[in-house]
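Given next are the chains, with one letter for each unit.
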Amino acid sequence: MARRRLAAVSLAAVASVVLAACSNGGGTTSGSGGTAAEPVTGGTLNMLGAGDVDYMDPNVSYYATGYLNLRLWSRQLFTYPADPGGKNTAPVADLATDIPTAANDGVSADGKTYTIKIRPGAKWDTSPARQVTAADVVRGVKRTTNPVQPFGGIPDFADLIVGYKAFADGFNKAPKTVAGIQEYIEKTPLPGVEAKDDTTVVFHLTHPATYFVDMLTMPAFSPAPVEALKYLPASTELGNHYPSDGPYKVDSWVPTKSVNYSRNPAWDAATDPVRKAYVDKIVVNETVSQDSIQQQLQTGTPTADMEWDVAPPPSQLPALQAKKDPNLNIGDTASTNPYVIYNTVSPNNNKALANPKVRQALSYAINRDHVLQVLGGKTLNPPLTHVLPDVITGSKQIDPYPYDPDKAKQLLAEAGYPNLTLKFLYRNASEGSSKSFQTIQQDLSKAGITVTGVPSPNADFYVKYLQVPDVAKRGVWDLSLSSWGADWYGNGALSFFNPLFSGEPSFPPVGSNFGLYNDPETNTLIQQAIAAPTQDAATDLWAKADARVMDQAAFYPLTNNKQANYHAAQVHNAVYVPTLQNFDPANVWLDKAKQGG
């Protein structure tokens, strides 16, 4: 979540859901979603989108749309529920039998060993169906650091799980072939993750981490069946052949075009406390424009039930809110979504963006209010002027760059770059992304800065641009929009700083530091905060790390946005789950008279 994001990703405005996909708080269960009528089973849920998952691979996906997809066919030890009226930000047991605590012997006295039992009856859709085991969990964690496409949130736990860094270093040298990856996984132990027996997995940590159960909600920690080793990680072939342990299975995935799901015959509802799986099939069309999706959802088109990777166009939100449309939901998030990335390694303009003073100038030249207006206004997009949203431990209100184009000009002149021409990467299929680019382009022009656009399809934006460091190093882009949400809640500052700002260990593809920011003082503060002996000490250090990142102008935050989602009137039990940045498709049901086709 990749968040969960990847997640993980939703810009209600930018219409593409947060990389590490998470939020704080719930939002309401909307309109028809809140009806008390008896649920109806059957039918086809039709979801419409303009883009794709990042990877159809549980141990690699780190994007909210990827998390939304995985909700249907991949289970985790712990996950966030779809509880009508609930905040849905407290983890519950999924494949695990219960939440580990000291009282139930799930957590050791020193807080460094977690023992987790796997729920009996949870099975893979193999022939014959087979129980999910502790060995599958070990295999899944090992796959996160594969040399072909590692998980983008590895900085969250690289130093936490005993032996993980050494395992990852060795894996990076393994052949990038099916045979090479399989051999390394099967022959190389990972001491921090142990299959004690078929149904007991034990995690050994380097230090206590009260957030560890929350961390285990990330799909990266999903079990992986042995069949997953028959294909390259993150490949289209794997995505079309990955066994399911959830209520649905992937029948076909045509990247950027469509995904089709049907019921998994090996799934037993009695073993799954989270997913009700009322509908028989889910069909995703990824070729529809944002405006068309909204029109079809509002007008009752038979093959339009829910959004996939978009949100209502920002320009239409005021009218939907004014009439109190019962099918609109506004949910809370714990995110910096969107924010402006500065490519600190761009060779353009004689490496101007490597200079903190130039980045500071850009931050003074951007008018946050202008951008928030085109994203739907401050009600949906409350301003965020620093790294951490206010619900995350360590957040301290500072605003170091109030809009001041004259100050921007002064700093540029002092730095020796009075005239800049910058390339701005943006998603041209998204109203919010396009308008944000145009607004920032206009703002920067007032400081004498020329900005040209680099448009990208939604499906290419991360996997072909931001997640490829060489693209940044070649200067294909200088500025971009991205988005980020906490991988877990409350004590979650680590999930902002480690993946985004911790220097080389956070560079993509293993991290999401897309601008390749590397500052020794920031790195030291992050390590000190992680090792802090008390919560109070950590809180102070996270605040200092936040101030240092902003002083160095590593990025330009815009908003801790509210997430807007819309569904058709025939959809019931539409419960917003913050980690998905959407209603949970595994729990909705459809009017009997409108069950799709």
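Reading the values: rules and limits
Along each chain, residues carry numbers from 1 onward, in the same order as the chain's sequence is written. Only residues with pLDDT of 70 or above have their local features reported here, since the model is predicted, and side-chain atom pairs are shown and tallied only from 80 upward, although totals for entire chains, interfaces and linings are computed over all residues. Side-chain figures throughout are based on the complete set of non-hydrogen atoms in the structure, without hydrogens or water. Each residue's exposure class comes from its accessible area (1.4 Å probe, protein chains only) as a fraction of the maximum for that residue type: buried when under 20%, exposed when over 50%, partly exposed otherwise. What counts as a helix is a DSSP run of H or I of at least four residues, what counts as a strand is a run of E of at least two, and both are numbered from the N terminus. All axes here are fitted lines through C-alpha atoms, helices being fitted over the stretch that makes contact, and every angle between N-to-C directions spans 0 to 180 degrees. Here is the rule for handedness: rotate from the far helix to the near one, and if that takes an anticlockwise turn smaller than a right angle the crossing is left-handed, while a clockwise turn gives right-handed. Throughout, a contact is declared for two residues whenever any of their heavy atoms are within 4.5 Å. Strand pairing is assigned whenever DSSP detects at least two bridges linking the two strands. What we call a nonpolar core is a set of buried Ala, Val, Leu, Ile, Met, Phe, Trp, Tyr and Cys residues that are connected through their side-chain atoms within 4.5 Å. Side-chain rings of Phe, Tyr and Trp, where Trp is taken by its six-membered ring, are said to pair if the distance between their centres is within 6.5 Å; with planes under 30 degrees apart they count as stacked, over 60 as edge-to-face, and otherwise as tilted. Definition used: whenever NZ (Lys) or CZ (Arg) falls within 6 Å of the ring centre and also within 35 degrees of the ring normal, the charge is taken to sit over that ring. Any pair of nitrogen or oxygen atoms within 3.5 Å is treated as a polar contact; in protein, a donor-acceptor pairing is required on top of that, and neighbouring residues in sequence qualify only through side-chain atoms on both sides. For salt bridges, the criterion is a side-chain nitrogen of Lys or Arg within 4 Å of an Asp or Glu carboxyl oxygen.

Student: Explain helix 14 (residues 458–466) residue by residue, including any values.
Tutor: An α-helix turns once per 3.6 residues; consequently, residues spaced three or four apart project the same way. A large share of helix 14 lies buried, amounting to 7 of its 9 residues. By the burial criterion, the buried members of helix 14 are N458, A459, D460, F461, Y462, Y465 and L466.

Student: Now, about the packing of helix 16 (residues 494–501) against helix 18 (residues 535–551): what can you tell me, with residues and values included?
Tutor: The geometry of helix 16 relative to helix 18 is characterised by a closest axis approach of 11 Å and an angle of 40° between their N-to-C directions. Helix-helix and strand crossings are classified by hand; for helix 16 and helix 18 the assignment is left-handed. From helix 16, L494, F497 and F501 reach across to helix 18, where they touch W542, A545, D546 and V549.

Student: Before we move on, could you go through the sheet that holds strand 10 (residues 258–263) and cite the residues and values that matter?
Tutor: The strand order across the open sheet built from 5 strands is 9-10-11-1-12, with neighbouring strands paired in mixed fashion. If you trace the sheet from one side to the other, it starts and ends with strand 9 (248–254) and strand 12 (306–307), each paired once. Relative to strand 10, strand 9 runs antiparallel, the two being bridged by 6 bridges. Of the residues in strand 10, the one forming a bridge with V254 is S258. Strands strand 1 (44–48), strand 9, strand 10 and strand 11 (281–285) of the sheet are contacted by helix 1 (residues 64–73), whose axis makes an angle of about 135° with strand 9.

Student: How would you summarise the pairing of strand 14 (residues 335–342) if you had to cite specific residues and measurements?
Tutor: On a regular strand, one side chain projects to one face of the sheet and the next to the other, so that they alternate. Counted residue by residue, strand 14 has 8 buried out of 8 residues, so it is predominantly covered. Two strands pair when backbone bridges link them, and strand 14 and strand 17 (residues 479–485) are joined in this way by 6 bridges, in the antiparallel orientation. Pairing of S335 across the sheet is with G485, part of strand 17. Strand direction decides the pairing type here: strand 14 and strand 18 (residues 555–557), joined by 3 bridges, are antiparallel. Bridged to I341 within strand 18 is F555.

Student: For the nonpolar core, give the residues involved together with the corresponding values.
Tutor: Counting residues in each nonpolar core, the largest one holds 159 residues, and the members touching the most others are L77, F157, F203, Y261 and F497. Excluding anything up to four places from it in sequence, F203 contacts L77, K112, T113, Y114, I116, V137, V141, G192, V193, F212, L216 and F221.

Student: Mind laying out the pairing of strand 17, listing which residues take part and the relevant values?
Tutor: Along strand 17, 7 of the 7 residues are buried, which leaves the element largely enclosed by surrounding structure. Side chains L479, L481, S483 and G485 of strand 17 all project onto a buried face; the interleaved residues S480, S482 and W484 project onto the opposite face, where all are buried too. Sheet analysis places strand 15 (residues 420–427) next to strand 17, joined by 2 bridges and oriented parallel. For F424, the partnering residue across the bridge sits in strand 17 and is L479.

Student: Go over the packing of aromatic side chains, please, and point to the residues and values.
Tutor: All chains considered together, the criterion is met by 23 aromatic pairs. With a centroid separation of 6.3 Å and an interplanar angle of 85°, the aromatic rings of F501 and Y517 are classed as edge-to-face. In this pair, F501 sits in helix 16 while Y517 sits in the loop between helix 16 and helix 17 (520–530), placing the two residues 16 residues apart along the sequence. Judged by relative accessible area, Y517 falls into the buried class, the value being 3%. One aromatic cluster is present, formed by Y62, F151, F157, Y164, F221 and W484 through successive ring pairs. We note R427 situated over the ring of F461; from NZ or CZ to the ring centre the distance is 4.2 Å.

Student: I'd love a proper account of unusual backbone geometry, names of residues and values included.
Tutor: Between S127 and the following residue, P128, the backbone shows a cis peptide bond with an omega angle of 0°. Structurally, P128 can be placed in the loop between strand 5 (123–124) and strand 6 (130–131). Between P508 and P509 the backbone carries a cis peptide bond, its omega angle lying at 10°. With respect to the element layout, P509 can be found in the loop between helix 16 and helix 17. Residue L516 is not a glycine yet carries a positive backbone phi of 55°.

Student: If you had to explain the sheet that holds strand 7 (residues 193–197) to someone new, which residues and values would you point to?
Tutor: Pairing in this open sheet of 3 strands is antiparallel, and the strands run 4-8-7 from one edge to the other. Edge strands, defined here as strands with exactly one partner in the open sheet, are strand 4 (113–117) and strand 7. Averaged over all adjacent pairs, the angle separating strand axes in this sheet is 25°, with direction ignored. Of the strand pairs in this sheet, strand 7 and strand 8 (residues 200–204) are connected by 4 bridges, and their pairing is antiparallel. When the sheet's bridge partners are listed, A195 is paired in strand 8 with V201. Against the sheet, helix 2 (residues 134–143) contacts strand 7 and strand 8, and its axis sits at roughly 170° relative to strand 7.

Student: Can you break down the side chain of N367 residue by residue, with the values?
Tutor: Looking at the element boundaries, N367 is found in the loop between helix 10 (356–365) and helix 11 (368–374). A polar atom in the side chain of N367 sits 3.0 Å from the backbone nitrogen of D369. N367 has contacts with Y403 and D443, leaving out every residue within four places of it along the chain.

Student: How would you sum up the pattern of salt bridges? Please name residues and give values.
Tutor: Within this structure, the stated rule accounts for 22 salt bridges. We note a salt bridge from D94 to R75, for which the minimum N-O separation is 2.9 Å. Placement of the pair is D94 in the loop between strand 3 (92–93) and strand 4 and R75 in the loop between helix 1 and strand 2 (78–79), with a sequence separation of 19 residues. Exposure class is identical for D94 and R75. Each is buried. As a salt-bridge pair, E414 and K357 come within 3.3 Å of each other at their nearest N and O atoms. Here E414 is found in helix 12 (residues 405–415), whereas its partner K357 is found in helix 10, with 57 residues between them in sequence. Among the residues examined, K357 registers a relative accessible area of 29% and is labelled partly exposed. Among the charged side chains, a network of salt bridges with common partners joins R75, D94, D272 and R275.

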